[in-house]
Amino acid sequence: MSENRQKRGMALVIVLTLATAIMILGVSYLKTIRNQGGRNTIELGAIQADLLAEGITQIAMLKFKEIPGPLYYAYIASVKGNSSDPLKEYHSDKILAGKVTSPFAADYQTTYQLLPSKMYDDMNIKISVVVTVTRPDGVAYQRNIERTVSGVRRPAF
Amino acid sequence: MEIMLSLLIMAAAMIPISSLMGYGGRATSKDARRIVAIQTLERTLRQLLNEPFAEIPLGAAVKKSFNQVNLGTVTTPAGYEYEVELKSRYISPLSLSYQNVKVNLPAFKADNPQATDFAAAETLSLTDCVLELTVKVSWKEQQTLGVDVQAMTYRANFQRRGG
């Protein structure tokens, strides 16, 4: 008789324990689903940054193709410590160092660098574009794209 | 009595669990649609970066496919349907600033240019040489709710002077 009394309520205890365990599993399942959604947002931010950086790199390459000499001499003057202003001027275009607000928020910076190898024979230029995309949830996401352009210096005369 | 009460509690606990399963399934499908939309967005823009500059159409909402670029209503192999729209415009004039070098000065040394060898800042203006390309991929969630993803890039005309 007393043994039966001791067992009373056990079903309730087991059920409540099970229900609590199910609730914990359910909450963690919900969290997993929400985190998955966040990962998609990250992927979109990465793709937006990559594509924007590709586009800015194209503009930087176009500028180098159109006006290579000023960059070449500005870089040497900067490296030799004579003047860094011409190099700063070359980097100052808003299209190469600015920001976009639509369709997403991003800011970007472009840097030209002459590669030291064969400086006087080849005109190898490294173009680096750093894009920071601000994700819809406010978190900043940064991508760095680098392209090397090889060119042969031809004598002016 | 106790068993009945336990059964009731278990039954009550199963109701939210079953709806959670349904929610999980819907969320997975929604994520899949979004991922495919992002992939479509990237593929379209990368294709645009490879197309000949002169053949990229201009417009605020281009939906007509051309060359290898699929625009308008696109159905993916997974069966999802998207509207792919291109906004394309020239960045014109494109202003590029620089300081020219006075290479004709007698004291000019190519391997050691001085600050005085540089002229004042100038601007090179290029017309119709760079396109701003924005692609929007939109689709419907729950049959009525419009959702979209967008990205943009630039395309330069490297052949503007014949190579």
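Residues numbered from 1 in each chain as written. Chains lettered and ligands numbered in written order. Predicted model: local features only at pLDDT ≥ 70, side-chain atom pairs only at ≥ 80, totals over all residues.

### Regarding the overall build of chain B
Tallying secondary structure elements over chain B gives one helix and seven strands in all. Over its C-alpha trace chain B gives a radius of gyration of 28 Å, far above what one expects of a compact globule, namely 15 Å for 163 residues. (Helix = DSSP H or I, 4+ residues; strand = E, 2+ residues; numbered from the N terminus. Rg over C-alpha atoms; globule rule 2.2 N^0.38 Å.)

### A look at the overall build of chain A
For chain A, the helix and strand inventory stands at four helices and four strands. Here chain A holds 157 residues, and the buried ones make up 27% of them. Partitioning the contacts of chain A with sequence separation of at least 6, the portion at a separation of at least 24 is 53%. (Buried ≥ 20, exposed ≤ 12 C-beta atoms within 10 Å, placed from the backbone. Contact = placed C-beta atoms within 7 Å.)

### A short note on the environment of B:Ser95
Checked against the element boundaries, B:Ser95 lands in strand β4 (residues 94–101). We classify B:Ser95 as partly exposed; it has 13 C-beta atoms within 10 Å. Once the C-alpha coordinates of B:Ser95 and B:Thr123 are considered, the two residues, 28 residues apart in sequence, prove to be 6.1 Å apart. Leave out the neighbours within four places in its chain, and B:Ser95 touches A:Asp93, B:Thr123 and B:Ser125.

### Brief notes about unusual backbone geometry
A cis amide bond links A:Ser102 with the next residue in sequence, A:Pro103, at an omega value of 10 degrees. Residue B:Ser92 is joined to B:Pro93 through a cis peptide bond whose omega torsion reads 0 degrees. As for its position among the elements, B:Pro93 is in the loop between β3 (81–90) and β4. One non-glycine residue with positive phi stands out, namely B:Asn67, at about 40 degrees. When you line up the elements, B:Asn67 lands in the loop between β1 (59–62) and β2 (72–75). Of note, B:Asp128 is a non-glycine position whose phi angle comes to about 55 degrees, a positive value. Topologically, B:Asp128 is positioned in the loop between β5 (118–126) and β6 (130–141).

### Observations regarding the domain arrangement of chain B
Segmentation of chain B into domains returns domain 1 (2–92 + 127–156) and domain 2 (98–125). The distance between the C-alpha centroids of domain 1 of chain B and domain 2 of chain B comes to 50 Å. (Domains from an automatic or database assignment.)

### Focus: helix α1 (residues 2–50) of chain B
Taking 1.5 Å per residue, 49 residues should reach 72 Å; α1(B) reaches 72 Å between its end C-alpha atoms and fits that length. Residues of α1(B) that are buried include every one of B:Ser6, B:Arg34, B:Ala37, B:Ile38, B:Thr40, B:Leu41, B:Glu42, B:Thr44, B:Leu45 and B:Leu48, and no others. (Expected span 1.5 Å × (residues − 1).)

### Quick look at helix α3 (residues 68–79) of chain A
Because an α-helix completes one turn every 3.6 residues, residues spaced three or four positions apart along the sequence face the same direction. Residues and elements named next belong to chain A. The first and last C-alpha atoms of α3 sit 17 Å apart over 12 residues, in line with the 16 Å expected at 1.5 Å per residue. Every buried residue of α3 is listed here: Pro70, Leu71, Tyr72, Tyr73, Ala74, Tyr75, Ile76 and Ala77. Where α3 ends, the next residue or the one after it, glycine 81, has phi of about 80 degrees, a positive value.

### A short note on the confidence of the model for chain A
Mean pLDDT for chain A: 84, with 82% of residues reaching 70 or above. Least confident of the elements in chain A is helix α1 (residues 2–7) of chain A, whose mean pLDDT is 65; most confident is helix α4 (residues 85–90) of chain A, at 95. (pLDDT = per-residue confidence, 0-100.)

### Thoughts on the pairing of strand β3 (residues 125–134) of chain A
The side chains of a regular strand alternate between the sheet's two faces. Residue and element names in this part refer to chain A. Every second residue of β3 is oriented toward a common face, the buried set being Ile125, Ile127, Val129, Val131 and Val133 and the non-buried set Lys126, Ser128, Val130, Thr132 and Thr134. With 10 bridges joining them, strand β2 (residues 105–114) and β3 adopt antiparallel strand pairing. The residue bridging threonine 110 from the neighbouring strand is valine 129, located in β3. Where β3 lies against strand β4 (residues 140–149), 10 bridges are found, and the strand directions are antiparallel. Looking across to β4, one finds that valine 133 is bridged to tyrosine 141. Taking the residues between adjacent antiparallel strands as the criterion, β3 and β4 are bridged by five residues, where glycine 138 takes a positive phi near 95 degrees. (Pairing = 2+ DSSP bridges.)

### Examining the pairing of β3(B)
Residues and elements named next belong to chain B. The pairing of β1 with β3 spans two bridges and is classified as antiparallel. Directly across from valine 62, in β3, lies its bridge partner leucine 86. Across four bridges, the pairing between β2 and β3 is antiparallel. Looking at the pairing, glycine 72 lines up with valine 84 of β3. Of the strand pairs in this sheet, β3 and β6 are connected by eight bridges, and their pairing is antiparallel. From the neighbouring strand, leucine 86 faces β6, where its bridge partner is valine 135.

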